[in-house]
Amino acid sequence: MSSTTRLTVAQALVRFLSVQYTERDGVRHRLIAGTWGIFGHGNVAGIGQALLEAGEDAMPFHQGRNEQAMVHAAVGHARQLNRLSAQAVTTSIGPGATNLVTGAALATINRLPVLLLPGDYFATRAADPLLQQLEHPTEADVSVNDTLRPVSRFFDRVHRPEALIPAALQAMRVLADPAETGAVTLALPQDVQAEAYDWPTEFFAERVWRVRRPAPDPVELAEATRAILGAARPLIVAGGGVHHSEAEEALKAFADATGIPVTSTQAGKGSLRHDHPAELGGIGHTGTAVADDLARTADLVIGVGTRYSDFTTASGTLFQNPDVRFLNLNITSFDAHKLAARTLVCDARAGLEALTSALEGHRVNAAYAAEYGAGKERWERVVTRAFDAADENAVPTQTQLLGALDAIVGDEDVVINAAGSLPGDLHKLWRARSPRQYHLEYGYSCMGYEIPAAIGVQQATPDTPVWALVGDGTYLMMPTELVTAVQEGLPINLVLIQNHGYASIGGLSESVGGERFGTAYRYRAADGTFSGAPLPVDLAANAASLGMDVLRAKTVRELREALATARASHRPTCVYVETDTATPTAPPAEAWWDVPVAETASREAAVAARTEYDRQAAARRTHL
C-alpha cells in the first residue's frame with residue numbers, strides 16, 4: 001500500500017510546485033521559481049496559508065501591488081531565463097482575478113510561461129453568492145475566472161481535491177513545452193483550497209520536465225536545403241524563438257558559413273550582435289532601410305522562430321518579389337505554416353545546425369553580400385546622426401537619449417520597453433550587443449509592462465544592470481511596482497521620459513486623419529479640446545515618493561552624467577528627463593502599417609489620409 005500525506009489542497013499544490021524542474025542540455029532550473037501574491041478572502045486562508053507554512057526555501061514569495069503587474073514581472077523572469085523557469089501568481093476572487101487577464105494575454109501571445117492561481121467561488125455552494133461572485137443567470141458554473149480561458153494555453157477549475165493531481169500535471173506539461181507554453185490557469189474554489197485530503201506521497205516526488213530539442217524531419221530538411229540552394233536573394237527573419245532556443249551561436253555559424261543576411265523582429269533583435277557583417281537590424285514597419293529594401297526583393301524569406309506579426313510583414317506589403325517564397329523554421333506547426341511556407345518544424349538550434357551542415361560550401365553571391373554590406377554601412381551613418389548631439393547643453397531628443405544610454409551600457413545590461421514611440425526608435429536604432437540586452441515586449445505592446453518586467457529580469461539574473469524605459473503615458477498606467485523594487489532592494493534603473501502625452505499615438509493619429517485628437521496631456525482650451533498648457537504634473541516627485549532615488553536631467557550632458565550615476569548605483573534609481581519633441585531626429589518608417597482610415601469624412605486631414613491609405617493598401621499581397 002502506498003503511503004499518503006494529509007494536507008490541504010493549497011498546501012499540496014505549493015509542495016508539488018516546489019519540486020518541479022525543467023532540464024535542457026543537462027542544465028536544470030526550478031520550473032516554478034517563486035510565487036507572486038496579493039491576498040484577499042479568496043486566497044488568504046488557502047494559498048496564503050500554504051505559502052506561509054511552506055516557507056521561503058520551499059517557495060519564495062513576492063509581494064505585489066497590482067495583479068496585472070505581477071504577471072508582467074513573472075513574464076520578464078521567464079523571458080530572461082529562456083522559458084526554462086516560470087513564476088506563479090495568486091490572487092483573490094473578483095477584481096484580483098480579472099486583473100490577471102491582460103497579463104495572461106501578454107504571456108500567451110508572446111509564448112511565455114506563467115502559472116495563474118486565482119481564487120474562485122465555493123465549489124460546495126455553501127455560500128452563494130459570496131462577495132465578488134459573478135452570478136450568471138443560465139450558467140451557474142461560470143465565474144469571472146472564465147475570462148481567462150481564451151488567453152490561457154491550459155485552464156482547469158479544481159472542484160475536488162483529487163482533481164488537483166491531473167490538473168497540476170497537465171499545467172506543468174504545458175508550461176515546460178516550448179511548443180505549447182503560455183499562461184496556464186488553475187482556478188481554485190476557495191473552500192477546496194482549504195479542504196484536507198490524503199495525498200499519495202508520490203505526488204510530491206521530484207519531477208524533471210525535459211525540454212526537448214526536436215530535430216528536423218529529413219524530408220523537410222532536404223526540401224529546405226534545395227530551396228536555399230536555389231535562391232539568389234535569401235533573407236533571414238530572426239524571431240524570439242532564436243532566443244528561447246538559445247540558438248544565437250547556431251545562427252551566427254549559419255550566417256558566417258552562408259553569408260545569408262539576417263534581419264530581426266522586435267522579439268528577435270540581438271540574435272546576432274549588431275556589428276556582425278550579416279546583421280541588418282529590424283525588419284518591417286519599424287525596420288531599417290537596408291533590411292526593408294532587401295525584403296522587397298528577396299526571393300526566399302527564411303523565418304526562424306517568428307510568428308510574422310503585421311509589423312514584421314508591413315501588413316502584407318513588404319515582400320514584393322513576384323517569385324518570393326517562404327521557408328519557416330519553427331517549433332510550432334501553427335507558426336511554421338504561415339505565409340504558405342515550406343516548413344521545418346523543429347527546435348531553432350537543431351534546425352539551424354542541420355541546415356548549416358547540409359549547406360556546407362554554399363555561399364550567397366559576392367555581389368549580393370556587397371550590396372547588403374553597403375546598405376548596412378549607410379544605415380549605421382543614420383544611427384550615428386540620430387544618436388549624436390551637436391550641443392551638449394541642449395535639451396535631448398528621444399534618439400539622443402538612446403545614444404546617451406548606448407554609450408553607458410555594457411554588453412550585460414538589459415534594456416526593457418513595450419509601448420509608445422520608443423519601440424520604433426529602438427528597433428531601428430539600438431545596437432544590441434548580446435542576446436539578452438534588447439527586451440521589447442511587442443506581441444501585446446502593453447503599457448505598464450516595463451517596470452514589473454525589470455523586476456522579473458532582476459530576480460532572474462540578480463547581477464544584471466536592468467533599464468526600464470517608459471514615457472509619461474506608460475508611467476501613469478502602472479508605476480506601482482516601484483514600491484516592490486524598493487521593498488526588495490532591487491537596483492532597477494528607470495528612465496522616465498516626459499513628453500506630455502501619448503507621443504506614439506499622437507503621431508499615428510496625425511497620419512490617419514485623427515489630428516492628434518485626445519492624445520496630449522494638456523488642459524482643456526476654450527474650444528473644449530485638450531490643447532491648453534501642459535499639465536503641471538511632476539512624475540519625478542511621484543517616483544521619489546514611492547522610494548526611488550531620482551536624478552533630473554535637463555541637458556544632454558546632465559543626462560549622460562545621470563545615466564552613469566544610475567548604472568553605478570545599488571539602489572532603485574529613476575533618471576527623469578523632458579525631451580525635445582519639436583526637433584525631428586528619428587528616421588521615418590521604412591515600410592507601411594495598416595491602420596484603417598475613415599472611408600468617408602468631411603475633415604480635410606481624414607480625406608487626405610484615406611487617399612494615402614488606398615495607395616498603400618493596393619500593394620498588399622496574399623502569399624500562396
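Residues numbered from 1 in each chain as written. Predicted model: local features only at pLDDT ≥ 70, side-chain atom pairs only at ≥ 80, totals over all residues. Heavy atoms only, no water.

A. Broad picture of the overall build of the protein. Helix and strand counts for the protein come out as 24 helices and 23 strands. For the protein, with 624 residues in total, the buried portion stands at 57%. Excluding contacts between residues fewer than 6 apart, the proportion of contacts in the protein whose partners are at least 24 apart in sequence is 76%. Accessible area of the protein: about 24400 Å², with a carbon and sulfur share of 53%. Here the protein contributes 53 positively and 71 negatively charged side chains, and the mean placements of these two sets differ by 3 Å. (Helix = DSSP H or I, 4+ residues; strand = E, 2+ residues; numbered from the N terminus. Buried < 20%, exposed > 50% of the residue type's maximum accessible area, 1.4 Å probe, protein only. Contact = heavy atoms within 4.5 Å. Areas by Shrake-Rupley, 256 points an atom, 1.4 Å probe, with all protein chains shown as cover. Lys, Arg positive; Asp, Glu negative; His and termini not counted. Charge placed at Lys NZ, Arg CZ, Asp CG, Glu CD.)

B. The nonpolar core, seen in detail. Judged by nonpolar contacts, the single largest core of 80 residues is most densely connected at Ile228, Trp467 and Leu469. No other element matches the seven residues that helix 15 (residues 366-387) contributes to this core. Within the second largest apolar cluster, 46 residues are counted, among which are Val71, Leu148, Ala418 and Ile492. (Core = buried A, V, L, I, M, F, W, Y, C linked by side-chain atoms within 4.5 Å.)

C. Inspection of unusual backbone geometry at higher detail. Following Asp128, the chain continues into Pro129 via a peptide bond in cis, with omega recorded as 0 degrees. Here Pro129 lies in the loop between strand 7 (114-120) and strand 8 (154-157). Of note, the phi angle at Tyr308 is positive, near 55 degrees, even though the residue is not glycine. The class for Tyr308 is buried, based on a relative accessible area of 8%. In this structure, Ala314 is a non-glycine residue whose phi angle is positive, near 50 degrees. Looking at the secondary structure, you find Ala314 in the loop between helix 12 (310-313) and strand 16 (325-330).

D. Quick look at the sheet that holds strand 3 (residues 27-30). Read from one edge of the open sheet, three strands run 3-2-11, paired in mixed fashion. This sheet does not close on itself; its edge strands, each paired only once, are strand 3 and strand 11 (207-210). Neighbour to neighbour, the strand axes of the sheet diverge by 30 degrees on average, direction disregarded. Pairing of strand 2 (residues 20-24) with strand 3 involves four bridges; the strand directions are antiparallel. Paired with Glu23 across the strands is Arg28, a residue of strand 3. Of the strands in this sheet, strand 2 and strand 11 touch helix 6 (residues 164-176), which is tilted by about 35 degrees from strand 11. (Pairing = 2+ DSSP bridges. Axes fitted to C-alpha atoms, helices over the stretch in contact; angles between N-to-C directions.)

E. Region of interest: helix 23 (residues 556-568). Helix length check: helix 23 (13 residues) gives 19 Å between terminal C-alpha atoms against 18 Å at 1.5 Å per residue, within 8%. For helix 23, the elements touching its buried residues are helix 16 (398-408), strand 20 (466-471), strand 21 (493-498), strand 22 (549-553) and strand 23 (573-578). (Expected span 1.5 Å × (residues − 1).)

F. Region of interest: helix 2 (residues 44-54). Within helix 2, burial applies to Gly46, Ile47, Gly48, Ala50 and Leu51. Down the axis of helix 2, the buried side of the element spans an arc of 165 degrees, and every buried residue falls inside it. Turned more than 90 degrees away from the buried face of helix 2, the exposed residues are Ala45, Leu52 and Glu53. The inward-facing, buried residues of helix 2 contact helix 1 (9-17), strand 4 (32-37), strand 5 (61-63), strand 6 (86-91), strand 9 (183-189) and helix 7 (190-193). Just downstream of helix 2 lies Gly55, where phi reads positive at about 90 degrees. (Arc of directions from axis to C-beta.)

G. Structural detail: the sheet that holds strand 19 (residues 438-440). Spatial strand order, 19-18-20-21-23-22: six strands in an open sheet with parallel pairing. Looking at the sheet topology across the chains shown, the edges are occupied by strand 19 and strand 22. Sheet twist, expressed as the average angle between the axes of neighbouring strands with direction ignored, equals 20 degrees. The pairing of strand 18 (residues 414-417) with strand 20 spans three bridges and is parallel. Along strand 20, the bridge assignment pairs Val415 with Trp467. On the sheet, helix 16 packs against strand 18, strand 20, strand 21 and strand 23 and is oriented at approximately 175 degrees with respect to strand 20. Along the sheet face, helix 18 (residues 450-460) touches strand 18, strand 19, strand 20 and strand 21 and points at about 175 degrees away from the line of strand 20.

H. How the structure looks around the packing of aromatic side chains. Throughout the structure, instances matching the rule amount to 11 aromatic pairs. Each residue in the set Phe16, Tyr197, Trp199, Phe203 and Phe204 is aromatic and connected to the rest through ring pairs, giving one cluster. Over the aromatic face of Tyr21 sits the side chain of Arg28, whose NZ or CZ is 5.6 Å from the ring centroid. Between the NZ or CZ atom of Arg125 and the centre of the ring of Tyr121, over which it lies, the distance is 4.8 Å. (Phe/Tyr/Trp six-rings, centres within 6.5 Å; stacked < 30°, edge-to-face > 60°. Lys NZ or Arg CZ within 6 Å of the ring centre and 35° of its normal.)

I. Main features of the environment of Thr317. Relative to the elements of secondary structure, Thr317 occurs in the loop between helix 12 and strand 16. Along the primary structure Thr317 and Pro396 are separated by 79 residues, whereas in three dimensions their C-alpha atoms are 34 Å apart. Leaving out residues up to four positions away in the same chain, Thr317 has contacts with Trp592, Gln616, Ala619 and Arg620.

J. Highlighting the pattern of salt bridges. Applying the stated rule across the entire model yields 35 salt bridges. Note that Arg157 and Asp146 form a salt bridge whose closest N and O atoms lie 2.9 Å from each other. In this pair, Arg157 sits in strand 8 while Asp146 sits in the loop between strand 7 and strand 8, placing the two residues 11 residues apart along the sequence. You'll find Arg157 and Asp146 in the same group, each marked buried. Arg552 is paired through a salt bridge with Asp538; the nearest N and O atoms lie 3.0 Å apart. Here Asp538 lies in the loop between helix 21 (503-511) and helix 22 (539-545) and Arg552 lies in strand 22, a separation of 14 residues in the sequence. A single network of salt bridges, built from pairs that share partners, joins Glu23, Arg28, Glu206 and Arg210. (Salt bridge = Lys/Arg side-chain N within 4 Å of Asp/Glu carboxyl O.)

K. Layout of the side chain of Thr91. Topologically, Thr91 is positioned in strand 6. Thr91 sits in the buried class, given a relative accessible area of 0%. When neighbours within four sequence positions are excluded, Thr91 is seen to be in contact with Ile38, Asn43, Glu67, Met70, Gly96, Ala97, Leu100, Leu117, Pro118 and Gly119.

L. Highlighting the pairing of strand 12 (residues 234-238). Along strand 12, five of the five residues are buried, which leaves the element largely enclosed by surrounding structure. Because side chains alternate across strand 12, one face comprises the buried residues Pro234, Ile236 and Ala238, and the other comprises Leu235 and Val237, equally buried. Two elements, strand 12 and strand 15 (residues 300-304), share five bridges in a ladder whose sense is parallel. Bridge pairing in strand 15 links Leu235 to Val301.

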